[in-house]
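Residue-level structural notes
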Amino acid sequence: MMISPELFQQLIFYVFATFTVGSAMAVISVKNTIYSALFLVLCFFNTAVLWLLIEAEFLAITLVLVYVGAVMVLFLFVVMMLDVKQAKASQLKQSYTKAAILIAAAMLVELMMLFGYKLSGQIPTNELIRQEQGYSNVQEVGMELFTHYVYPFEIAAVVLLVAIVAAIMLTLRKRDGNKQMDAAKQININPAERVRIVSMKAEKGHGQDRGEES
Amino acid sequence: MIEMLEFLILDNLVYILAIVLGVILTVAYLTYFERKVIAFMHVRMGPNRVGPRGLLQPFADVLKLLTKEIIFPKNANKFLFLIAPIITLATAFAAWAVVPFDDGWVLADINAGLVYVLAMTSLGVYGVIIAGWASNSKYALLGALRSAAQIVSYEIAMGFALVGVLVAAGTLNLSDIVRAQEGGIVNWYIWPLLPLFFIYYISGVAETNRAPFDVAEGESEIVAGFHVEYSGAAFALFFLGEYANMIIISALTAIMFLGGWYSPFTGDSWIAQPNIIWFLAKTSIFLYAYFWLRASLPRYRYDQIMRLGWKVFIPITIVWIMVVAVMKVYNVGPWWN
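Description of the structure in this document. Everything quoted here is computed from the prediction, not taken from an experiment. (Residues numbered from 1 in each chain as written. Chains lettered and ligands numbered in written order. Predicted model: local features only at pLDDT ≥ 70, side-chain atom pairs only at ≥ 80, totals over all residues. Heavy atoms only, no water.)

Moving on: the overall build of chain A. Counting its secondary structure elements, chain A contains nine helices and zero strands. In chain A, the succession of helices and strands from N to C terminus is α-α-α-α-α-α-α-α-α. Within chain A, the fraction of its 214 residues that count as buried is 18%. Roughly 18,100 Å² of accessible area belongs to chain A as shown, and the carbon and sulfur atoms make up 67% of that amount. (Helix = DSSP H or I, 4+ residues; strand = E, 2+ residues; numbered from the N terminus. Buried < 20%, exposed > 50% of the residue type's maximum accessible area, 1.4 Å probe, protein only. Areas by Shrake-Rupley, 256 points an atom, 1.4 Å probe, with all protein chains shown as cover.)

If you want it as structure tokens, here you go:
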């Protein structure tokens, strides 16, 4: 087999890019919502592989860890619990469809403009800047985040924290007569207050009598 | 260049095969070891019929499982039903790619090794969820939901414990983390990171759904949890995945907190030499601890599991990360001087 490393890399790129696009299309076209969510997982995975190809290994693994490992799990949870009925063909012709097509068309035009701008030679597109072996992009990402972008980073963190607290506050409901257990009380329980240990003599002969009766 | 590429691929295939076969064999004898350990704790004999001292018992079990019929429940989703055990197994094996067995003995020496392991172990939950849903059974779905909630919760504490290791070592590369702990038992990270060490291991037990955190397969309530409908080879795959995950959690604990392949002793004698045997011995200690816990502790109540994860472990890890950072900044010895 005569495959040069460059060709090999391109081959990998095209295989995974096809999978990415294919699974993304499947997300919106399959009828079963569970399959939809699982195809989205596949899409994230293939995107991670594409990121690995441009040597962004930390971002690729973080994508898998955060989106596939946490976000999509909760998504699947919700989809399984909701018992969504399978979509019918008639539903596709409803009012949302027109708006959706409009938004999709706008995004397509934007993407094409972006590609046109890039390909017109503003940015060198033919060669990726390769780093030496042993170059740690974990360190690089960390340095950038905590020096150049420290304020946006910290503000984003606080916004997320507020979102978490708000979400919990909105969904937290106290019912009357809720028999919630108090962990501190349970731990601090004293066995002597609850159990009385009695010492009594063994009752001889009783068991034997019953044995003879039966 | 061309030969190099082919050579690399071929070489890696051999390594992968060696690791996978090694893990499978270890799993086989781990089940034997588990039954023997628990038997002795119960004052019984354990398996002793197949082969000398029952040593061939694992092979008998495997043969039995492989020759059994795989039954598909009525209205089960066949494709997802079959793919679920494969996902469990694949993610359990994939994590082994970055584990360093000895200095330089690692399949993929990548810089983001620690995050990779965390990502791969967190993917195992898909096998559980998909199995629970595809089985079309109440018990399986309940087990899957319990297991998923538990894994997602404990992953956070586990991730924070790993952040502590990351702060201590200053790198995500597992080999470099081990190298940072060179020089005898006092240099291991178990001492400065003691709370994180316990939290990591206990979260690992919870992540692998083992006793006392095995509500996902609580026999008394939901029969066998997410794999209640699985039989034969499909069940064997789940079993293999669970045990492979146990081994990897033990191996990672040994790597991150007990100095991997380094000897606890210092000096020039033969016993102080770094060796793969040290790594295997440390891993075995944690594997034994799994069975020890299983034989001695009752199952946790579900709300207690959640409380332990969210209200005890996560706050402790956050505080201890600060403590580690301060210790590192002030170069507290013997770890950071």
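Having put the structure on the table, let's press on.
A word on the overall build of chain B. Broken down by element type, chain B carries 11 helices and zero strands. Each helix (α) and strand (β) of chain B, taken in turn from the N terminus, gives the series α-α-α-α-α-α-α-α-α-α-α. A globule of 337 residues ought to have a C-alpha radius of gyration of about 20 Å, and chain B, at 21 Å, matches this closely. For the C-alpha atoms alone, the extent of chain B along its principal axes is close to 65 × 50 × 50 Å. Counting only residues that meet the buried cut, chain B has 53% of its 337 residues in that class. Looking at chain B alone, contacts between residues at least 24 apart form 76% of all its contacts between residues at least 6 apart. Summed over its atoms, the accessible surface of chain B is roughly 15,300 Å², and 70% of this surface lies on carbon and sulfur atoms. Distance between charge centroids for chain B: 14 Å, based on 20 positive and 21 negative side chains. (Rg over C-alpha atoms; globule rule 2.2 N^0.38 Å. Contact = heavy atoms within 4.5 Å. Lys, Arg positive; Asp, Glu negative; His and termini not counted. Charge placed at Lys NZ, Arg CZ, Asp CG, Glu CD.)

All names here are of chain B. Tallied over the entire structure, the rule returns 24 aromatic pairs over all chains. Relative to Phe 59, the ring of Tyr 29 lies with its centre 6.0 Å away and its plane at 65 degrees, an arrangement referred to as edge-to-face. Linking Tyr 29 in helix H1 (residues 2–41) with Phe 59 in helix H2 (residues 57–67), this pair joins segments that are 30 residues apart in sequence. Under the relative-accessibility criterion, Phe 59 is labelled partly exposed at 40%. The side chain of Lys 78 reaches across the aromatic face of Phe 72, ending 4.7 Å from its centre. (Phe/Tyr/Trp six-rings, centres within 6.5 Å; stacked < 30°, edge-to-face > 60°. Lys NZ or Arg CZ within 6 Å of the ring centre and 35° of its normal.)

Quantified by volume, the largest pocket comes out at close to 2,400 Å³. For the largest pocket, the lining is made up of 50 residues, of which Val66(A), Phe153(A), Gly159(B), Phe160(B) and Val163(B) are closest to its centre. Where the lining of the largest pocket is concerned, the elements lending two or more residues are helix H3 (57–82), helix H5 (137–146) and helix H6 (150–171) of chain A together with helix H4 (113–134), helix H5 (138–169) and helix H11 (302–329) of chain B. Sorting elements by how many residues they give to the lining of the largest pocket places H5(B) first, with 12 residues. Of the residues in the lining of the largest pocket, the class split is 39 nonpolar, nine polar and two charged. (1 Å grid on protein atoms, 1.4 Å probe; cavity = no way out; pocket = protein on both sides within 12 Å on 5 of 7 lines; lining within 4 Å. Points joined across faces, edges and corners; volume = space filled by probe spheres on them. Nonpolar A, V, L, I, M, F, W, Y, C, P; charged D, E, K, R; others polar.)

Time to look at the pattern of salt bridges. Residues and elements named next belong to chain B. According to the stated counting rule, one finds eight salt bridges over all chains in the structure shown. Taking the shortest distance from any N to any O, the salt bridge between Arg 35 and Asp 61 comes out at 2.9 Å. Here the residue Arg 35 occupies a position in helix H1, and Asp 61 occupies one in helix H2, the gap between them amounting to 26 residues. Note that Arg 299 is salt-bridged to Asp 214, the shortest N-O span being 2.8 Å. With Arg 299 in the loop between helix H10 (276–296) and H11 and Asp 214 in the loop between helix H7 (194–207) and helix H8 (219–222), this residue pair connects regions lying 85 residues apart in the sequence. Judged by relative accessible area, Arg 299 falls into the partly exposed class, the value being 30%. By relative accessible area, Asp 214 is classed as buried at 10%. (Salt bridge = Lys/Arg side-chain N within 4 Å of Asp/Glu carboxyl O.)

Turning our attention to H11(B). An α-helical segment advances 3.6 residues per turn. Residues three or four places apart therefore align on the same side. All names here are of chain B. For H11, built from 28 residues, the straight-helix expectation of 40 Å at 1.5 Å per residue is met to within 8% by its first-to-last C-alpha distance of 40 Å. Of all the bends found along H11, the most pronounced is centred on Phe 313 and spans about 30 degrees, while Pro 315, a proline, follows it within four residues. Looking at H11, one finds that the buried residues are Ile 305, Met 306, Leu 308, Gly 309, Phe 313, Ile 314, Thr 317, Ile 321, Val 324 and Met 327. The inward-facing, buried residues of H11 contact H5 and H7. Within two residues after H11, Asn 331 carries a phi angle of roughly 50 degrees, on the positive side. (Expected span 1.5 Å × (residues − 1). Bend = angle between axes of the 7 residues up to and from the residue.)

Take the interface of chain B and chain A next. Counting from both sides, the interface comprises 32 residues of chain B and, opposite them, 32 residues of chain A. Inspection of the region where chain B meets chain A yields zero salt bridges. Linking chain B with chain A are two residue pairs in polar contact (both at pLDDT 80 or more), by the criterion used here. Contributing elements (two or more residues each) for the side of chain B that touches chain A: H1, helix H3 (78–94), H4, H5 and H11 of chain B. Of the residues in the side of chain B that touches chain A, the class split is 24 nonpolar, three polar and five charged. (Polar contact = N/O pair within 3.5 Å; in protein donor to acceptor, adjacent residues only side chain to side chain.)

Now for the environment of Ala24(A). All names here are of chain A. Within the fold, Ala 24 resides in helix H1 (residues 5–29). With a relative accessible area of 34%, Ala 24 lands in the partly exposed category. Sequence spacing of Ala 24 and Leu 59 is 35 residues, and the spatial spacing of their C-alpha atoms is 20 Å.

For Asn136(B), which is not glycine, the phi dihedral falls at a positive 55 degrees. With respect to the helices and strands, Asn136(B) occurs in the loop between H4 and H5.

On to the side chain of Ser250(B). All names here are of chain B. Relative to the helices and strands, Ser 250 resides in helix H9 (residues 232–257). Relative accessible area serves as the criterion here: at 0%, Ser 250 is assigned to the buried category. Apart from the residues within four sequence positions on either side, Ser 250 is in contact with Thr 283, Phe 286, Leu 287 and Tyr 290.

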